[in-house]
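Descriptive analysis of the structure
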Amino acid sequence: MPVSGEAAEAAPRDATVLHALDGGVSWITLNRPEAMNAVTWDQRERIIALLADASADPAVRAVVLTATGRGFCAGADLRGAPAQARERVPGDVSRTIRLGAQRLIAAVLDCEKPVIAAVNGTAAGIGAHLAFACDLVLAADTAKFIEVFVRRGLVPDGGGAYLLPRLVGPQRAKELMFFGDALSAADAERMGLVNRIVPEGELAALAAGWAGRLAAGPTRAVALTKQLVNASLDGDRAAAFAAEAAAQEINMTTRDAAEGVAAFVERRTPEYRGH
């Protein structure tokens, strides 16, 4: 999985989140293997910024989110958070979650480019939710997913109670959240939380292959499709149908849509440029 290249950023302050742009794919790699990639305040802000950049940059047509070492992300590491200047008062916790974990998950869901999670190891707590928020989830056969909150006497945050019922249904979601048991990659695939599992040594190649296919596709059509699917469970049929029609209306103004139709008529392979 690329962690360097022409567009790689190697400044020391960015060493815990590696970034490279390769063939239209933005690779975002958590790089604190000694901490199982528990995400710090600085890392969270960096990931959010990189996802916003991916949305705005026409050169980026897909994103891969992955990590180094044995852990994908072991949850939140609050030790790097800015020091609190006063005693905690009611409202502080909800504000911290809203501006922290929820912003991170929203950044993945709202990214205008498809985001692939390449889960190389344990994904726990907010780390699991970070994977589940991605559009496609690939996992090494050694990966594990853990809804760890109940083990700490906590309510799931970072969008867990929103994401999981939509992915596996309420009963399965409650089972995972009530017990906090580790879920193997194979079980996660059976539940529909993971698209594919492969041996650990093949994960990078699979992620690169899928991301390459997305990067060669009609980027705006994929973005609008992502938007429609993500919103589909939150509204009624009339709203979904109206959104679908509006999305197709917008998409038909793109060069890629015209190319796709022309290629079909001319019986040739389309060449999409992402706009």
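Residues numbered from 1 in each chain as written. Predicted model: local features only at pLDDT ≥ 70, side-chain atom pairs only at ≥ 80, totals over all residues. Heavy atoms only, no water.

**Some thoughts on helix H8 (residues 203-215)**
- Given a rise of 1.5 Å per residue, 13 residues ought to cover 18 Å, and the 18 Å separating the end C-alpha atoms of H8 matches this to within 8%.
- When H8 is considered as a whole, its buried residues turn out to be Leu-203, Ala-204, Leu-206, Ala-207, Trp-210, Ala-211, Leu-214 and Ala-215. For H8, the angular spread of buried residues about the axis comes to 165 degrees, placing them on one side. Away from its buried face by more than 90 degrees, H8 exposes Ala-205 and Arg-213. (Helix = DSSP H or I, 4+ residues; strand = E, 2+ residues; numbered from the N terminus. Expected span 1.5 Å × (residues − 1). Buried < 20%, exposed > 50% of the residue type's maximum accessible area, 1.4 Å probe, protein only. Arc of directions from axis to C-beta.)

**Here we look at the side chain of Glu-259**
- With respect to the helices and strands, the residue Glu-259 is situated in helix H11 (residues 255-265).
- Looking at Glu-259, the relative accessible area reads 10%, which means it is buried.

**Topic: the sheet that holds strand E5 (residues 115-119)**
- An order of E1-E2-E3-E5-E7-E10 is seen for the 6 strands of this open sheet, with the pairing classed as mixed. On the outer flanks of this sheet lie strand E1 (17-22) and strand E10 (196-198), each paired with one strand and no other. In this sheet, adjacent strand axes meet at a mean angle of 20 degrees when their direction is disregarded.
- One ladder, built from 4 bridges, connects E5 with strand E7 (residues 136-140); its direction is parallel. Residue pairing for E7: Val-119 is matched across the bridge by Ala-139.
- Sheet strands touched by helix H1 (residues 41-56): E1, strand E2 (25-30), strand E3 (62-67) and E5. Its angle to E1, the strand with the most contacts, is close to 15 degrees. (Pairing = 2+ DSSP bridges. Axes fitted to C-alpha atoms, helices over the stretch in contact; angles between N-to-C directions. Contact = heavy atoms within 4.5 Å.)

**So, the pairing of E1**
- In the sheet, E1 pairs with E2 via 6 bridges, with the strands oriented antiparallel. Pairing of Val-17 across the sheet is with Leu-30, part of E2.
- Linking two consecutive strands that pair antiparallel, namely E1 and E2, is a turn of 2 residues; a positive phi of about 60 degrees is found at Gly-23 within it.

**Brief notes about the packing of aromatic side chains**
- Enumeration according to the criterion identifies 1 aromatic pair in this entry.
- Over the ring of Tyr-162 we find Arg-166, and its NZ or CZ is 3.8 Å from the ring centre.
- The ring of Phe-241 carries Arg-237 above its face, with NZ or CZ at 5.8 Å from the centroid. (Phe/Tyr/Trp six-rings, centres within 6.5 Å; stacked < 30°, edge-to-face > 60°. Lys NZ or Arg CZ within 6 Å of the ring centre and 35° of its normal.)

**Topic: the environment of Asn-120**
- Along the chain, the position of Asn-120 falls in the loop between E5 and strand E6 (122-124).
- With 47 residues separating them along the chain, Asn-120 and Cys-73 place their C-alpha atoms 9.3 Å apart.
- Those residues in contact with Asn-120 that sit more than four places away from it in its chain are Thr-66, Ala-67, Thr-68, Gly-69, Arg-70, Gly-71, Phe-72, Ala-140, Thr-142, Glu-200 and Leu-203.
- Looking at Asn-120, its side chain comes within polar contact range of the main-chain oxygen of Ala-67, at 3.4 Å.
- Here the side chain of Asn-120 touches Gly-71 through a polar contact of 3.4 Å, landing on its backbone oxygen. (Polar contact = N/O pair within 3.5 Å; in protein donor to acceptor, adjacent residues only side chain to side chain.)

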